[in-house]
Amino acid sequence: MNALRVLEPFVRRTSRADAEVCELCAAPLDATHRHVVDVQARRMQCACATCARVFDAETGRHRTVPTRVVKDAGSVGESAWRALGVPVGLAFFLRPSTMGRWVGVFPSPAGATEAELPADAWAEIEAQCALVREAKEDVEALVVRCGRNGQTDCFLAPIDVCYEIVGAVRAAWTGFDGGDAARAVVDDFVAKLARRAEGS
């Protein structure tokens, strides 16, 4: 018997184990796969195109993360941003349906850090920014970056993109405030969001 033929089942098994698969049905995934949120567990899962279509609704336990990015420049004022008390210049805000309220998430050396939002400060941002009212629970977030010059950039973005930047900032973080490398990662992230918003 051909020795390579004997090894073939093991080679196939190894390839399937190493390949990324849909966490809902185990189908193979491509590099540009979508994500689905388990809203009860507050957990994001990789999904194939079929599962993404199945859960592309605003109800049920699983919800597909949208792809749209919308920009609303200057809609969050510097004073409102400062009143939130966010310790870094970038944060995103989401509304988990299981919690029934908005929470803030910002990058840190430890990864994504959640924070409760001061009611008065958040009410001011809700009044200023129409994107807050457009955001879909569980799957979209309001992303705000406040530069050193006090200028703010504001986007409505998919939640998977938000957690991706948290990981990238964590990997680049140095010193107390993240350092120049982390700031460069944030600048690149904001520029990419702006390009996606223009193409939407």
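Residues numbered from 1 in each chain as written. Predicted model: local features only at pLDDT ≥ 70, side-chain atom pairs only at ≥ 80, totals over all residues. Heavy atoms only, no water.

Digging into the sheet that holds strand β1 (residues 34–38)
Within the open sheet, the 3 strands sit side by side as β2-β1-β3. Their pairing is antiparallel. Of all strands in the sheet, those bounded by a partner on one side alone are β2 (43–47) and β3 (62–64). Here the average twist between neighbouring strands, direction ignored, is 30 degrees. The sheet contact formed by β1 and β3 spans 3 bridges and is antiparallel. The partner of valine 37 across the bridge, within β3, is arginine 63. (Pairing = 2+ DSSP bridges. Helix = DSSP H or I, 4+ residues; strand = E, 2+ residues; numbered from the N terminus. Axes fitted to C-alpha atoms, helices over the stretch in contact; angles between N-to-C directions.)

Considerations on the pattern of salt bridges
In total, this model carries 13 salt bridges according to the counting rule given. One salt bridge connects lysine 192 with aspartate 188, and the closest N-O pair in it is separated by 3.3 Å. With lysine 192 and aspartate 188 both in helix α7 (residues 179–199), this residue pair falls 4 residues apart, about one helical turn. Here the residues in one salt-bridge network are Arg68, Glu134 and Glu140, joined through shared partners. (Salt bridge = Lys/Arg side-chain N within 4 Å of Asp/Glu carboxyl O.)

Examining the side chain of histidine 33
Structurally, histidine 33 is set in the loop between α1 (3–18) and β1. With relative accessibility at 17%, the residue histidine 33 sits in the buried group. Among the polar contacts listed, one links the side chain of histidine 33 to the backbone oxygen of aspartate 30, at a separation of 3.0 Å. (Buried < 20%, exposed > 50% of the residue type's maximum accessible area, 1.4 Å probe, protein only. Polar contact = N/O pair within 3.5 Å; in protein donor to acceptor, adjacent residues only side chain to side chain.)

So, unusual backbone geometry
The phi angle at arginine 42 is positive, at roughly 50 degrees, despite the residue not being glycine. Secondary-structure assignment places arginine 42 in the loop between β1 and β2. At aspartate 138, a position not held by glycine, the phi torsion is positive, near 75 degrees. Here aspartate 138 lies in the loop between α5 (131–134) and β8 (140–146). Classification of aspartate 138 by relative accessible area gives buried; the value is 5%.

A word on the sheet that holds strand β5 (residues 90–94)
Where strands meet in a sheet, backbone hydrogen bonds hold them as pairs that are either parallel or antiparallel. Strands sit in the order β4-β9-β8-β5-β6-β7 across an open sheet of 6 strands; the sheet is antiparallel. Edge strands, defined here as strands with exactly one partner in the open sheet, are β4 (70–71) and β7 (111–115). Summarising the sheet, strand β6 (residues 103–108) and β7 pair through 5 bridges and their orientation is antiparallel. Considered in β7, the bridge of valine 105 is made with glutamate 114. Against the sheet, helix α6 (residues 159–172) touches β5, β6, β7, β8 and β9 (152–158), its axis set at about 120 degrees to β9. (Contact = heavy atoms within 4.5 Å.)

Description of the side chain of histidine 35
Along the chain, histidine 35 turns up in strand β1. Classification of histidine 35 as buried rests on a relative accessible area of 18%. Within the structure, the side chain of histidine 35 is placed 2.9 Å from the side chain of aspartate 160, a separation counted as a polar contact.

Topic: the state of the cysteines
Scanning the model with the defined rule gives 0 disulfides in all. Of all cysteine sulfurs in the structure, the one in cysteine 25 sits closest to cysteine 22, which takes part in no disulfide; the separation is 3.8 Å. Look at cysteine 22 and you get buried, because its relative accessible area is 2%. Unpaired in this structure, cysteine 46 has its nearest cysteine sulfur neighbour in cysteine 22, at a distance of 8.3 Å. (Disulfide = S-S within 2.5 Å.)

Focus on the confidence of the model for the chain
Looking at the chain, pLDDT values average 85 and 89% of them are 70 or higher. Taken together, the stretch residues 1–17 has pLDDT below 50 and engages in 2 contacts with residues farther than four places along the chain or on a different chain. (pLDDT = per-residue confidence, 0-100.)

Quick look at the environment of methionine 44
Relative to the elements of secondary structure, methionine 44 occurs in strand β2. In contact with methionine 44, not counting residues within four places along its chain, are Glu23, His35, Val36, Val37, Val65, Ile159, Asp160 and Tyr163.

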